[in-house]
Amino acid sequence: MSKPTLATIALSGCEGCHVSLLDSHEGLLDVLALVDLVHSPFSGEAEIPSQVDVVMVEGAIANEEDRRRAEAARKAATIVVAVGSCAVLGGIGGLRNLSRLSDVKKAAFGADSKSSRLPVLEDRVRPVSDVILVDMSVPGCAPETGQIVEALLAAVNNTPYNPPRRNLCDECHREKRAMLEHSQEFVSDGVFALMELETIDPVICLLEQGVLCMGPMTREGCGAKCTAANVPCRGCAGPSRLEFEQGGKTIDALAAVLPAGALMYMEDLIGTGYRFSLPVSVFPTIFDHEGGDDV
Ligand code: SF4
Ligand code: SF4
Ligand code: SF4
């Protein structure tokens, strides 16, 4: 009996999600034992076959070619798996939605911004699910290798895939003390960069030490690997399924732990709270580009 076919494509992103898949090392053999890999960014052919069982899509929809390739993938595939925060949430490149398209082009390409050799950019960056039906989503920048393999195996075996639902604090090993106690006192006087602290307690919650950790507003699943390494979570997996607005939740969480006025000293609250998820927030409708591209 022939094996199911798998294709992988990379839209606007950095191909780091493909690198994460390759990082599974011998785990990749488990996938390849079950599927025929018929197309990938490393295989040389420009187009995926006209029929394939599963397509893994990395990257966001940022230009017309992304849209065309995503639509071709949907037409060809039985199951589409969006992998990585670019594909699922719009990702870090989605921060360009805060700027007018004409300004983006001028900043990136300067005098060449009107060149016909440049890709035709869409008015804003979108997650893949804005353009085609997506059957499974694995956010993360990049997602953990095991999460990608688990989703792909579920897709090729036609078995249920149960993505993580809770927030990162639920799987973080650090002790939550002040945040769990009912108190009139604020947890921290301000928000500090790691290098501003003389010592970092390796046991206590980083947010309780005044370090902005995005754990409360971020989906679990990575094993809280950053906080385990004494580094705050940057929110790369996007909002948990219980939250919608990662940035809004950031403001909400900080307002709960900081005294009034302390938030004013955060330089880039939107860039911090929406670093990976701006295109799926309410902001694209608020910051609409009146008149579109005027370059
Ligand atoms: S999600 Fe992160 S690792 Fe994956 S393509 Fe986007 S930027 Fe690269
Ligand atoms: S805020 Fe950060 S450090 Fe604190 S429990 Fe949550 S994930 Fe861990
Ligand atoms: S701890 Fe946060 S930033 Fe680090 S990998 Fe996990 S979700 Fe991403």
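Refer to the preceding data block for the structure.
Residues numbered from 1 in each chain as written. Chains lettered and ligands numbered in written order. Predicted model: local features only at pLDDT ≥ 70, side-chain atom pairs only at ≥ 80, totals over all residues.

Trainee: Looking at this model, I keep getting lost on the site of ligand 1. Mind explaining?
Mentor: Taken together, the neighbourhood of ligand 1 is formed by 13 residues, with Gly13, Gly16, Gly84, Cys86 and Cys141 sitting nearest. Where the shell around ligand 1 is concerned, the elements lending two or more residues are helix 1 (16-22) and helix 4 (85-89). Residues of the shell around ligand 1, tallied by class, amount to six nonpolar, six polar and one charged. (Near = placed C-beta within 6 Å. Helix = DSSP H or I, 4+ residues; strand = E, 2+ residues; numbered from the N terminus. Nonpolar A, V, L, I, M, F, W, Y, C, P; charged D, E, K, R; others polar.)

Trainee: I tried to follow the site of ligand 2 on my own but got confused; where do I start?
Mentor: With respect to spatial proximity, 14 residues lie near ligand 2, and among them Cys169, Cys172, Cys205, Cys213 and Gly215 are the closest. Looking at the shell around ligand 2 residue by residue, the classes come out as ten nonpolar, two polar and two charged.

Trainee: Sorry if this is basic, but what is going on with the sheet that holds strand 5 (residues 77-83) here?
Mentor: Consider a sheet: its strands pair through backbone hydrogen bonds, and that pairing is either parallel or antiparallel. Read from one edge to the other, the open sheet built from five strands follows the order 2-1-3-5-7, with strand pairing classed as parallel. For this open sheet the edge positions go to strand 2 (36-39) and strand 7 (136-138), each flanked by a neighbour on one side alone. The average angle at which neighbouring strand axes cross in this sheet is 25°, direction not considered. Bridging between strand 5 and strand 7 involves three bridges; their strand directions are parallel. Each residue of the ladder has a partner; that of Val81, found in strand 7, is Met136. (Pairing = 2+ DSSP bridges. Axes fitted to C-alpha atoms, helices over the stretch in contact; angles between N-to-C directions.)

Trainee: Would you take a moment to explain the environment of Glu150 for this structure?
Mentor: As for its placement among the helices and strands, Glu150 is situated in helix 6 (residues 145-157). Each C-alpha atom of the pair Glu150 and Pro163 lies 9.7 Å from the other, and the pair is 13 residues apart in sequence.

Trainee: Honestly, helix 3 (residues 64-76) in this entry has me stumped. Any pointers?
Mentor: An α-helical segment advances 3.6 residues per turn. Residues three or four places apart therefore align on the same side. The end-to-end C-alpha distance of helix 3, which contains 13 residues, comes to 18 Å, matching closely the 18 Å that a straight helix rising 1.5 Å per residue would cover. The set of residues buried in helix 3 consists of Asp66, Ala70, Ala73 and Ala76. For helix 3, the arc enclosing every buried residue in end-on projection is 130°, short of the 170-degree limit, so these residues lie on one face. The exposed residues of helix 3 that point more than 90 degrees off its buried face are Glu64, Arg68 and Lys75. Tucked inside the fold, the buried residues of helix 3 contact strand 1 (5-10), strand 3 (52-58), strand 4 (61-63) and strand 5. (Expected span 1.5 Å × (residues − 1). Buried ≥ 20, exposed ≤ 12 C-beta atoms within 10 Å, placed from the backbone. Arc of directions from axis to C-beta. Contact = placed C-beta atoms within 7 Å.)

Trainee: Got a minute to help me understand the nonpolar core in this structure?
Mentor: As a rule of thumb, soluble globular proteins bury nonpolar side chains together. Within the largest apolar cluster, 62 residues are counted, with the highest numbers of intra-cluster contacts made by Val54, Val55, Val57, Ala73, Val81, Val83 and Leu152. For this core, the elements supplying multiple residues, two or more each, are strand 1, helix 1, strand 3, strand 4, helix 3, strand 5, helix 4 and helix 6. Split by domain, the residues of this core number at least three in each of domain 1 (5-91 + 127-157) and domain 2 (168-280). Excluding its chain neighbours within four sequence positions, the residues that come into contact with Val55 are Ala7, Ile9, Ile48, Ala73, Ala76, Ala77 and Val80. (Core = buried A, V, L, I, M, F, W, Y, C linked by C-beta atoms within 7 Å. Domains from an automatic or database assignment.)

Trainee: Which parts of the structure should I look at to understand unusual backbone geometry?
Mentor: With the exception of glycine, most residues fall at negative phi, and the peptide bonds are largely trans. A cis amide bond links Cys141 with the next residue in sequence, Ala142, at an omega value of -15°. Within the secondary structure, Ala142 sits in the loop between strand 7 and helix 6. Phi at Glu15 takes a positive value of approximately 70°, unusual for a residue other than glycine. Assignment of secondary structure puts Glu15 in the loop between strand 1 and helix 1. On the basis of neighbour count, Glu15 is assigned to the partly exposed category, with 15 C-beta atoms found within 10 Å.

Trainee: Would you explain the environment of Leu37 in this entry?
Mentor: Mapped onto the secondary structure, Leu37 falls in strand 2. Its 15 C-beta neighbours within 10 Å are what place Leu37 among the partly exposed residues. Measuring from C-alpha to C-alpha, the distance between Leu37 and Leu6 comes to 4.8 Å, with 31 residues separating the pair along the chain. Here Leu37 is in contact with Leu6 and Leu32, once residues within four sequence places are set aside.

Everything listed here is a matter of coordinates, which is why it stays silent on function.
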